[in-house]
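The chain contents come next:
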Amino acid sequence: MAQQRFVWPLISFVFVFGLWELAGRWPISLAFPPFSKTALALLRMTVDGSLPKAYLSTLQPLVIGIVLCGIAGIGFGIGMGLSRTIEWFSLPIFIILQAAPMAAIIPLITYIYGIGLTAKVLAVVVLAAPVVVMNSYKGIRNTNASLVQMCRAFLGTRRQEVVKIILPHAGALIFAGLRLGLAMGFIGIVIAELMITPTGIGDLISYHSSVADYPEMFAAIFSIIALAALAIHGLERLERKLFPPEIRGA
Amino acid sequence: MVLFGKRVPIVFSLVIWFVVWELIGRAKLSTIVPPFSDVVAAGMTILPTEKFSAAAAISLRSFALGMALALGIGIPLGVAMARVAGVGKLLGMWVNIFVSAPISALVPILMAVIGVGEATVVVTVFLFAVFVIILDTQVGVRQADRSLVEMARCFGAAPYQIYAKILLLSALPEILAGVRLGVIRGVKGVVIGQLLIALLGVGELFELYSKNFLMEEFWALVIVVFMFAFLLSEAVAFVERRIEYYAGAR
Amino acid sequence: MPAEAIVEVRGAGKSYDGTVEALRDVSLALPQGGLSTLLGPSGCGKTTLLKIIAGLIPPSAGEVWVKGKKVDGPGPERAFVFQDFALLPWATVLRNVAFGLELRGVTPEQRHDIARGYIEKVGLKGFETSYPHQLSGGMRQRVGLARALAVDADIILMDEPFSSVDEQTRRKFQEELLDLLKIERKTVIFVTHSIEEAAYLSDQIVLLSPRPGTVSRIIHPAIERGGKNPDEIRRDKNYLDVVDEIWQILKRYVV
Ligand SMILES: Nc1ncnc2c1ncn2[C@@H]1O[C@H](COP(=O)(O)OP(=O)(O)OP(=O)(O)O)[C@@H](O)[C@H]1O
Ligand SMILES: [Mg+2]
């Protein structure tokens with residue numbers, strides 16, 4: 001039975017990679033290498049160290065940006081949920097920002113902060129922060145009113161109400177916000193590296209594309225998408241472990 | 001927020017932010033923040049220009065084409081994945097990966113394969129929007145009330161009637177939620193695609209204004225684009241709420 | 001009235017959002033050590049009245065006095081059993097039952113000791129480490145009951161505490177509630193939909209009219225319990241008369 005679980009993902013991989021291979025061999029475009037060549041290029045780039053080196057400079061701003069969002073964004077979202085005044089001042093802005101194409105700001109970030117680490121971190125933060133803040137806010141505001149009333153009936157203080165009822169109740173949504181933020185962060189870091197700072201994985205992509213090394217370019221893109229998928233899947237697993245749906249009490 | 005014993009509607013906080021913006025601009029605290037009134041004035045001058053309407057037209061066209069593709073392919077595919085077990089298992093994993101993957105990394109591939117033009121932006125919009133539409137449609141159809149389907153069978157409904165009258169209608173709230181998220185992502189897709197290509201539509205304008213340090217024009221464009229994204233998502237949300245009103249009894 | 005009133009409601013009224021009038025001019029006196037039931041059609045404001053007494057919602061008119069003090073919030077002398085149980089989904093039965101004590105700063109050993117006692121009393125021994133989602137509706141209700149008992153309040157406000165238990169358990173609980181009253185001299189205010197339950201348990205029955213809820217009648221069923229077993233009481237003429245009297249009034253509210 002345990003093997004059964006892997007049968008469909010395996011078929012699924014074979015199906016998609018097979019299609020890719022066929023499309024590449026046909027070829028649908030000279031710039032579209034088959035899967036096998038891409039895989040070989042991926043191996044080459046891993047072995048010669050160019051890929052690991054690129055990731056070192058890509059992941060650093062991503063992690064810094066997400067940690068910043070995790071602290072400041074969640075903190076602010078919680079504040080927004082708990083305080084009517086903060087909510088009044090900031091909710092409309094965040095509602096707009098969450099729907100807005102924040103990537104438009106990225107050219108400006110380069111303009112001020114140049115092409116260094118700060119610019120990349122800012123690109124991540126600008127894209128990830130709205131969803132992190134809004135999810136924390138929604139988590140707090142969705143508090144089960146009946147549990148809060150129960151807490152008051154048993155003489156809980158406002159502090160206890162927040163610590164023992166509201167925050168545990170919001171935990172799952174806050175965590176989900178962090179996961180969505182990470183997804184946005186990946187988008188941000190890729191745009192930043194493609195547009196502004198010729199470093200990291202974005203540089204690998206643009207460089208190999210400019211010299212028409214399409215297998216290498218595909219390999220770099222494949223790797224960042226795979227990495228994002230793995231990281232987000234990991235967070236999702238952790239989320240389900242920390243906040244199983246049945247004890248979430250939505 | 002209560003001022004002088006009266007509740008102040010929350011949208012008014014935006015007014016306060018604009019005033020703060022104006023003050024920061026007047027105090028010349030930062031070169032990238034011109035006074036809000038200048039931004040409005042710049043907006044008034046660029047909006048009627050030929051350049052702006054050309055950029056807006058091309059952006060809107062890419063967006064509309066990409067969204068049409070995403071809806072036309074995403075909804076049927078989502079239904080198929082929910083109703084045909086094999087299709088669901090074969091593609092489910094990929095949809096889940098790409099719904100949160102950094103699609104922005106695929107733009108260089110599109111530029112290499114399709115070329116640097118409007119078609120690439122259309123496909124970018126499509127890719128940004130389609131996966132969440134597929135996913136939500138699938139969830140909606142899967143949750144469609146089984147007893148409703150059985151009821152329809154009992155009354156002798158033909159298969160196409162079951163699809164048209166039961167499955168799609170009862171999945172409508174989820175489908176619309178997917179469409180709203182798809183629309184938000186699609187707008188991001190236009191902007192990101194055009195920014196990365198840097199030769200088209202509003203993306204070109206953003207580049208142009210930030211490179212030439214036309215901050216008034218830049219912020220005016222940001223406001224216009226953000227408002228467009230917000231109003232569009234609110235419009236879908238409005239339809240969604242109307243539908244939810246009917247679906248409330250589910 | 002034998003004992004003096006421990007809870008007094010004076011002219012209480014409540015309208016939600018200024019539009020829905022749930023209660024109008026309710027005045028009641030509830031005797032110390034007695035069991036009073038609030039009985040009335042669904043939506044007539046029973047929960048609202050109970051929560052006003054608990055200090056959970058402020059009345060729009062009138063006031064409530066408990067033990068000679070005006071109520072302006074929840075107090076340690078009152079405990080509440082919620083109609084929707086209000087259990088923490090992420091906490092075990094043990095923590096849920098001990099939650100009231102936890103909020104008061106009782107040490108873990110002490111509060112868990114007390115909680116275990118009440119868990120056993122409500123018949124949930126062995127479920128200490130279960131989570132609410134693993135329990136049936138009736139079991140959850142008993143967790144809520146144990147939590148209210150654990151804080152040792154003088155007045156227990158119960159919002160349909162036996163609505164989700166089966167009839168056998170319900171009757172067992174009724175007996176235990178009567179015992180509890182006899183031994184611990186608690187005052188219980190009890191919301192129910194069951195005429196039989198109200199007639200069987202109460203020293204005083206408050207009948208409420210449909211919304212806006214007003215006191216339509218107060219009945220004191222003087223049922224002789226002395227030495228009789230429950231089945232005999234249920235055949236007692238007095239008891240049957242009370243049941244019939246209530247039914248004659250409530251019947252008019254059924255359209
Ligand atoms: N928070 C609220 N906001 C607005 N209206 C409310 C609120 N709570 C209760 N009501 C209204 O007040 C009326 C009385 O409600 P309440 O819950 O007190 O009834 P009840 O007698 O306990 O009913 P049931 O027997 O069904 O529990 C109802 O019509 C209800 O719609
Ligand atoms: Mg009630």
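About the cut-offs
Residues numbered from 1 in each chain as written. Chains lettered and ligands numbered in written order. Predicted model: local features only at pLDDT ≥ 70, side-chain atom pairs only at ≥ 80, totals over all residues. Heavy atoms only, no water. Contact = heavy atoms within 4.5 Å. Buried area = accessible area lost by both parts, 1.4 Å probe. Salt bridge = Lys/Arg side-chain N within 4 Å of Asp/Glu carboxyl O. Polar contact = N/O pair within 3.5 Å; in protein donor to acceptor, adjacent residues only side chain to side chain. Helix = DSSP H or I, 4+ residues; strand = E, 2+ residues; numbered from the N terminus. Nonpolar A, V, L, I, M, F, W, Y, C, P; charged D, E, K, R; others polar. Donors = N, O, S within 2.8 Å, 3.2 Å for Na, K, Ca; no water. Near = heavy atom within 4 Å. Areas by Shrake-Rupley, 256 points an atom, 1.4 Å probe, with all protein chains shown as cover. Phe/Tyr/Trp six-rings, centres within 6.5 Å; stacked < 30°, edge-to-face > 60°. Lys NZ or Arg CZ within 6 Å of the ring centre and 35° of its normal. 1 Å grid on protein atoms, 1.4 Å probe; cavity = no way out; pocket = protein on both sides within 12 Å on 5 of 7 lines; lining within 4 Å. Points joined across faces, edges and corners; volume = space filled by probe spheres on them. Pairing = 2+ DSSP bridges. Axes fitted to C-alpha atoms, helices over the stretch in contact; angles between N-to-C directions.

Caption draft 1: Region of the structure containing the interface of chain A and chain C. Taken residue by residue, the interface counts 19 residues in chain A and 27 residues in chain C. A buried area of about 2,000 Å², summed over both sides, lies between chain A and chain C, and 69% of it is on carbon and sulfur atoms. For chain A, the biggest contributors to the area lost against chain C are Phe154(A), Leu155(A) and Ile247(A); these three give 33% of the whole. Lys164(A) is paired through a salt bridge with Glu102(C); the nearest N and O atoms lie 2.5 Å apart. Seen at the junction of chain A and chain C, the total is five residue pairs in polar contact (both at pLDDT 80 or more). Taken together, the elements giving at least two residues each to the side of chain A that touches chain C come down to α7 (145–153), α8 (158–195) and α11 (245–248) of chain A. Looking at which element gives the most residues to the side of chain A that touches chain C, the answer is α7(A), with seven residues. Residue composition of the side of chain A that touches chain C, by class: nine nonpolar, six polar and four charged.

Caption draft 2: Representation of the coordination of the magnesium ion (ligand 2). Every protein donor of the magnesium ion (ligand 2) is accounted for by Thr47(C) (OG1) and Gln83(C) (OE1), and the metal-donor separations fall at 1.9 to 2.3 Å. One end of the pair, Thr47(C), is in helix α1 (residues 46–54); the other, Gln83(C), is in the loop between β6 (78–81) and α2 (93–103), and 36 residues separate them in sequence.

Caption draft 3: Seen up close, the site of ligand 1. Residue and element names in this part refer to chain C. The environment of ligand 1 is formed by 13 residues, the closest being Ser42, Lys46, Thr47, Thr48 and Arg211. A distance of 3.5 Å is found between a nitrogen atom of ligand 1 and a side-chain nitrogen or oxygen belonging to Tyr16. Take Gly43: an N or O atom from its main chain is 2.8 Å from an oxygen atom of ligand 1. Considering ligand 1 on its own, with 630 Å² of exposed area, one finds that the protein chains cover 67% of that surface.

Caption draft 4: Spatial organisation of the interface of chain A and chain B. Facing the 51 residues of chain A at the interface are 52 residues of chain B. Carbon and sulfur atoms make up 85% of the area that chain A and chain B hide from each other, which totals about 4,500 Å². In this structure, the connection of chain A to chain B is made through zero salt bridges. For the interface between chain A and chain B, the tally reads seven residue pairs in polar contact (both at pLDDT 80 or more). Those elements giving two or more residues to the side of chain A that touches chain B turn out to be α1 (4–25), α4 (84–99), α5 (106–113), α8 and α10 (214–242) of chain A. Ranked by residues supplied to the side of chain A that touches chain B, first place goes to α4(A) with 12 residues. The residue inventory of the side of chain A that touches chain B, partitioned by class, reads 46 nonpolar, four polar and one charged.

Caption draft 5: Seen up close, the packing of aromatic side chains. If you walk through the whole model with that rule in mind, you get 26 aromatic pairs over all chains. For the ring pair Phe175(A) and Phe243(A), a centre distance of 6.0 Å and an interplane angle of 55° mean the geometry is tilted. Here Phe175(A) is found in helix α8, whereas its partner Phe243(A) is found in the loop between α10 and α11, with 68 residues between them in sequence. Aromatic rings pair up to connect Phe13(A), Phe17(A), Trp20(A), Phe32(A), Phe35(A), Phe218(A), Phe222(A), Trp94(B), Phe98(B) and Phe131(B) into one cluster. The lysine or arginine in question, Lys14(C), covers the ring of Tyr16(C), its NZ or CZ lying 5.5 Å from the ring centre.

Caption draft 6: Local environment of the arrangement of the chains. Of all two pairs of chains that touch, the greatest number of contacts is found between chains A and B. One finds no contact between chain B and chain C; the C-alpha atoms of the two approach each other to within 15 Å at their closest.

Caption draft 7: Inspection of unusual backbone geometry at higher detail. In the segment running from Trp26(A) into Pro27(A), the intervening peptide bond is cis, with an omega of -15°. When you line up the elements, Pro27(A) lands in the loop between α1 and α2 (35–47). A cis amide bond links Arg211(C) with the next residue in sequence, Pro212(C), at an omega value of -10°. Residue placement: Pro212(C) occurs in the loop between β9 (204–208) and β10 (215–219). You will see that Ala212(A), though not glycine, has its phi angle at about 60°, which is positive. Assignment of secondary structure puts Ala212(A) in the loop between α9 (200–210) and α10. One non-glycine residue, Lys67(C), lies in the positive phi region at around 50°. Checked against the element boundaries, Lys67(C) lands in the loop between β4 (61–66) and β5 (69–70).

Caption draft 8: Seen up close, empty space enclosed by the protein. One pass over the structure, following the stated rule, counts one cavity of 30 Å³ or more. Lining of the largest cavity is provided by Ala153(A), Ala54(C), Pro74(C), Arg78(C), Ala79(C), Phe80(C) and Leu157(C). With three residues, β6(C) is the single largest residue contributor to the lining of the largest cavity. Among the residues forming the lining of the largest cavity, the class breakdown is six nonpolar, no polar and one charged.

Caption draft 9: A look at the environment of Leu194(A). Of note, Leu194(A) is situated in helix α8. As for Leu194(A) and Ala100(A), which are separated by 94 residues in sequence, their C-alpha atoms are 21 Å apart. When neighbours within four sequence positions are excluded, Leu194(A) is seen to be in contact with Gly202(A), Ile205(A), Ser206(A), Ser104(B), Pro108(B) and Leu196(B).

Caption draft 10: Layout of the sheet that holds β6(C). All names here are of chain C. The six strands are arranged β6-β7-β8-β3-β9-β10 in an open sheet whose pairing can be described as mixed. The open sheet terminates on both sides in strands that have one partner only, identified here as β6 and β10. Neighbouring strand axes in the sheet, compared pairwise and without regard to direction, differ in orientation by 15° on average. One ladder, built from four bridges, connects strand β3 (residues 35–39) with β9; its direction is parallel. Its bridge partner being in β9, Leu39 is matched across the sheet by Leu207. Sheet contacts for α1: β3, β6, β7 (155–159), β8 (187–192) and β9; angle to β7, the most-contacted strand, approximately 155°.

Interpretation in functional terms is not warranted from these geometric data alone.
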